[in-house]
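Reading the structure
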Amino acid sequence: MSYPKDFLWGGATAAYQCEGAWNEDGKGLGEWDVFCHESPLNINHVTGDVSCDFYHKYKEYIDLMAAEKCNTYRFSISWARIIPNGVGEVNQKGIDFYNRVIDYCLEKGLEPNVTLFHYDLPQKIALKDGFANRENIDAFVEYAKVCFKAFGDRVKLWVTINEPKYYAYCSNVVGNYPPNHKQDFERYFNVVYNEALATARVVKAYRDMKLDGKIGVVHDNSNVDVAPYAKERELIKLRGDMFYNSLTLDTALKGMIPSSLILFLREMGVDSSFMKFEDAIDFANGKVDFLGLNVYNRFYLTDFSEGETEIYHNNLGAKSKMKEGIKLKNMFESANDPTTKRNLWGREIYPKCMYDTLKEIKENYGDIPIYITENGHGQYETPDENGYVDDQDRIDMMNGYIEYMYKAMEEGCNVKGYYAWSPMDLYSWVNGYEKRYGLIRVDFDDPNLKLIPKKSYYWFKDVIENYQNNLADK
Ligand code: NOJ
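Note that the structure is a prediction, hence the values are computed from the model and not measured.

**Brief notes about the environment of Arg-207**
Tracing the chain through its elements places Arg-207 in helix H9 (residues 185–208). Each C-alpha atom of the pair Arg-207 and Glu-310 lies 42 Å from the other, and the pair is 103 residues apart in sequence. The residues contacting Arg-207, other than those within four sequence positions of it, are Ile-215, Asn-285, Lys-287, Val-288 and Asp-289. Within polar-contact distance, the side chain of Arg-207 engages the backbone oxygen of Lys-287 at 2.9 Å.

**Looking at unusual backbone geometry**
A cis geometry characterises the amide bond from Pro-178 onward to Pro-179, with omega recorded as 10 degrees. Position of Pro-179 relative to the elements: it lies in the loop between helix H8 (164–174) and H9. For the bond from Trp-421 to Ser-422, the omega torsion is 10 degrees, close enough to zero to count as cis. The residue Ser-422 is located in the loop between strand S13 (415–420) and strand S14 (440–442) in this model. The phi torsion at Asp-53 lies on the positive side, around 55 degrees, for a residue other than glycine.

**Description of helix H10 (residues 233–244)**
Between the first and last C-alpha of H10 there are 16 Å, a value that for 12 residues agrees with the 16 Å anticipated at 1.5 Å per step. When H10 is considered as a whole, its buried residues turn out to be Ile-236, Arg-239, Gly-240, Asp-241, Met-242, Phe-243 and Tyr-244.

**Concerning the sheet that holds strand S2 (residues 72–76)**
Strand order in the closed barrel formed by 8 strands is S1-S2-S3-S4-S5-S7-S12-S13, and the pairing between neighbours is parallel. Strand after strand, the sheet turns through a mean of 25 degrees between neighbouring axes, direction not considered. Examined bridge by bridge, strand S4 (residues 157–162) and strand S5 (residues 214–220) share 4 bridges and lie parallel to one another. In the strand pairing of S5, Trp-158 is matched with Ile-215. Across the sheet, helix H7 (residues 135–151) lies against strand S3 (111–117), S4 and S5, angled at about 160 degrees from S3, the strand it touches most.

**A short note on the sheet that holds strand S9 (residues 310–312)**
Backbone-to-backbone hydrogen bonds pair the strands of a sheet. The strands run either parallel or antiparallel. Taken in spatial order, the 5 strands line up as S6-S8-S11-S10-S9 in an open sheet, and their pairing is mixed. Two strands lie at the open edges of the sheet, namely strand S6 (224–226) and S9, each paired on one side alone. Looking at each pair of strands side by side, their axes are set apart by 30 degrees on average, direction ignored. As defined by bridge partners, S6 adjoins strand S8 (residues 299–302) across 3 bridges and the pair is classed as parallel. Residue pairing in the sheet places Asp-225 in a bridge with Tyr-300 of S8.

Criteria and thresholds
Residues numbered from 1 in each chain as written. Predicted model: local features only at pLDDT ≥ 70, side-chain atom pairs only at ≥ 80, totals over all residues. Heavy atoms only, no water. Helix = DSSP H or I, 4+ residues; strand = E, 2+ residues; numbered from the N terminus. Contact = heavy atoms within 4.5 Å. Polar contact = N/O pair within 3.5 Å; in protein donor to acceptor, adjacent residues only side chain to side chain. Expected span 1.5 Å × (residues − 1). Buried < 20%, exposed > 50% of the residue type's maximum accessible area, 1.4 Å probe, protein only. Pairing = 2+ DSSP bridges. Axes fitted to C-alpha atoms, helices over the stretch in contact; angles between N-to-C directions.

Written as structure tokens, this is what we have:
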């Protein structure tokens, strides 16, 4: 049956992006606290110190999601709020906060979908090289166990890591996320590998605790599409997938590292000694129950032309003309499709990637349950005199993705839920607060952070209600 009755509809957020309360109730320092406060690379000069103040206003946000007819809420736990030093002592006030959030979600009929790591290492772990250091995997597993023990009786959907590849890419290749390494491909693969191993070990730890929920990983899908004019089409597809997707997906879904990874790393000139033979056992024992996909764009690639490796990334929005992409020496480079729209940060808006990625996952990995853990549209916004935002662009764009999701479901893809990124405006990492994704406007200039549902909020409510009402006809 392609249209499940228990389909989950909701919104997704991440701890650092919305909680605020950065130094309250015993929370430890996180890598983003330090980056935002101290780094010259924090080009928008804003922080998540207060952000949406979800820490204090969580009930208001959850009430609005419930009134929107959502039946789930995806959020992440701040590791440093639970274990301030990354290892060792547990902060009971942190546990109490997430207990309040989880209990209130359940009271309001929202299934909590909880991510353990969403880009925000405790600073103490970051100083020990974060996920580039395999010793920190043990610390992550211990933290996960603390969360399972505290919340596992009520949380039935767990995510180990949000976007292992994109986090590793920004931190080690683009250099716009802490610790801001640029074009360090060895560290990039090392981090993605260790995150995969961390996922496998956390999955095993969860199963060993005999809890009755499901556990998965969230991948930023970015399916590889090769330009029709490329000469080495098959090879570019293979290389693109090796670079972006296969390590995360094969380990999580097949329980093994991709067979051609070592050869690919050799081609890239990357020392692969971070891979250990004995890890094969952890991977085999750590396959996930479901896959989360954050669906925004594809990677549209063609043959490498000439010159040196270059990374194109735009955190300046309309102030720059930069189109997001890459030129990876001797491998491939981004192609430009003039018929595809881009957002003001130079990223393609390509709704069909929803369909393509779902079909491709089904073909390569079978019928694993899939949640669309994020989909949304970032833009500048100007409210009217009442603070209301007519965000028809967002509606049109998200509608396109949802239609393609339905099409894939009709063709047998096992999709179990859809989360809008994001329920409300929030801190958008290096893009600050100007790039808004919310279905609810947060007035960040108002000391009380007034919340005003946008046009898309009412649209999303209709989408959910129509789904429920039309189930019989589907
Ligand atoms: C992916 C990330 O998970 C989230 O943190 C980010 O803000 C959104 N996409 C939008 O770019």
